[in-house]
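Understanding the architecture of this molecule
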Amino acid sequence: MRVLRAKAARKALHFYKVTHGIRDPYTLLVDGTFVHHALVGVKTNLASRVEKVLGRDVRYAVPGPVLDDLRNRGEAGAAALEFCRRRCRVIATPRACDTAAKAVLHLVGEANGQKFVVATHDRALQTALRRVPGAPLLYFSGTVLNVDEPSRASRSAAARHERVQGRLTDDEFRVARAIRAQDRVSSNVVA
């Protein structure tokens, strides 16, 4: 079973690399729920788990409101807060982003321009992130770290981009039409 999960993760990451330009070294935008679940719920070494899925060179980032949320949890969020302080680069967000979910969605934006891989355990945030094209998603399913398959929004954005890239320019279209006309004329002469 592990082999199939690893293959699915590689396949999903390859899709995002080819279609959206998300390349190694990955920047993992973590949410407090993800870190808390990994350290307290699963009781695992989060860095080694992420390393197995994304590779050795992973940069961790966390929005400022996530740290505030972990501080507000008190003793329950202490381990996650310590992990975020030691490992993560804190990214500032506007004051309007007062919750962790709003901050993550603000940083990802409408098309994940900063090329984040997002890690969250919040189901509502996962649903919102699946609507953003080019946003790879990491989450825990029980004790297993998974990479979500490319969302419908990501696949349709990739298909749109492919259609636009595959179109002929006006000059190329005229040349192709002229070649087809010459082929028709030469095939009529032979017959």
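Residues numbered from 1 in each chain as written. Predicted model: local features only at pLDDT ≥ 70, side-chain atom pairs only at ≥ 80, totals over all residues. Heavy atoms only, no water.

Here's the deal with the overall build of the protein chain
When its secondary structure is counted, the protein chain shows 9 helices and 6 strands. Relative to the compact-globule value of 16 Å for 191 residues, the protein chain shows a C-alpha radius of gyration of 23 Å, a clear excess of over 25%. By residue count, 40% of the 191 residues in the protein chain fall in the buried class. In the protein chain, the share of contacts with a sequence separation of at least 24, taken over all contacts with a separation of at least 6, comes to 63%. Per element, the accessible surface of the protein chain, about 11,600 Å² overall, is 51% carbon and sulfur. Across the protein chain, the 33 positively charged side chains and the 18 negatively charged ones have centroids separated by 5 Å. (Helix = DSSP H or I, 4+ residues; strand = E, 2+ residues; numbered from the N terminus. Rg over C-alpha atoms; globule rule 2.2 N^0.38 Å. Buried < 20%, exposed > 50% of the residue type's maximum accessible area, 1.4 Å probe, protein only. Contact = heavy atoms within 4.5 Å. Areas by Shrake-Rupley, 256 points an atom, 1.4 Å probe, with all protein chains shown as cover. Lys, Arg positive; Asp, Glu negative; His and termini not counted. Charge placed at Lys NZ, Arg CZ, Asp CG, Glu CD.)

So, the pattern of salt bridges
If you walk through the whole model with that rule in mind, you get 7 salt bridges. Note that R86 and E82 form a salt bridge whose closest N and O atoms lie 3.6 Å from each other. Highlighted residues: R86 and E82, both in helix α5 (residues 78-87), separated by 4 residues, approximately one helical turn. A relative accessible area of 38% places E82 in the partly exposed class. (Salt bridge = Lys/Arg side-chain N within 4 Å of Asp/Glu carboxyl O.)

What about empty space enclosed by the protein?
Think of a ball as big as a water molecule: rolled over the atoms, this probe shows where empty space is left. Enumeration according to the criterion identifies 1 cavity of 30 Å³ or more in this entry. For the largest cavity, the calculated volume is near 40 Å³. For the lining of the largest cavity, a count of residues per class yields 5 nonpolar, 1 polar and 3 charged. (1 Å grid on protein atoms, 1.4 Å probe; cavity = no way out; pocket = protein on both sides within 12 Å on 5 of 7 lines; lining within 4 Å. Points joined across faces, edges and corners; volume = space filled by probe spheres on them. Nonpolar A, V, L, I, M, F, W, Y, C, P; charged D, E, K, R; others polar.)

A closer look at the sheet that holds strand β3 (residues 88-91)
Strand pairing in a sheet relies on backbone hydrogen bonds. The paired strands run either parallel or antiparallel. Strand order in the open sheet formed by 6 strands is β3-β2-β1-β4-β5-β6, with mixed pairing between adjacent strands. The open sheet has two edge strands with one neighbour each: β3 and β6 (144-147). Adjacent strand axes in the sheet meet at a mean angle of 30°, parallel and antiparallel pairs treated alike. Pairing analysis gives 4 bridges linking strand β1 (residues 26-30) to strand β2 (residues 58-63), with the strands arranged parallel. Among the inter-strand pairings, L29 is bridged to a residue of β2, identified as A61. (Pairing = 2+ DSSP bridges. Axes fitted to C-alpha atoms, helices over the stretch in contact; angles between N-to-C directions.)

Examining the layout of surface pockets
Taken as a whole, the largest pocket encloses approximately 490 Å³ of empty space. If you go around the largest pocket, you meet 18 residues; those closest to its centre are R5, A6, V53, V144 and L145. Put simply, the parts of the chain that give the lining of the largest pocket at least two residues each are α1 (2-20), α3 (46-54) and β6. Take the lining of the largest pocket: its biggest share by element is 7 residues, from α1. When the residues that make up the lining of the largest pocket are grouped by side-chain class, the tally is 9 nonpolar, 2 polar and 7 charged.

Here's the deal with α3
Side chains of residues three or four places apart in an α-helix project in the same direction, reflecting 3.6 residues per turn. The complete set of buried residues in α3 reads L46, A47, V50 and L54. Viewed end-on, α3 has its buried residues packed into an arc of 95°, placing them on one side of the element. You can read the cap of α3 off the contacts: a side-chain oxygen lies 3.3 Å from the backbone nitrogen of A47, and it is on N45. Note on α3: the residue one or two positions beyond its end, G55, has a positive phi of about 110°. (Arc of directions from axis to C-beta. Polar contact = N/O pair within 3.5 Å; in protein donor to acceptor, adjacent residues only side chain to side chain.)

A closer look at the side chain of D148
Within the element layout of this structure, D148 appears in the loop between β6 and α8 (152-166). With a relative accessible area of 11%, D148 lands in the buried category. Among residues more than four places away in sequence, those in contact with D148 are A12, R130, L137 and Y139.

Regarding the side chain of Q126
Within the fold, Q126 resides in helix α7 (residues 123-129). One polar contact links the side chain of Q126 to the main-chain carbonyl oxygen of T120, over a distance of 3.0 Å. Excluding residues within four positions of it along the chain, Q126 makes contact with T120, H121, L137 and Y139.

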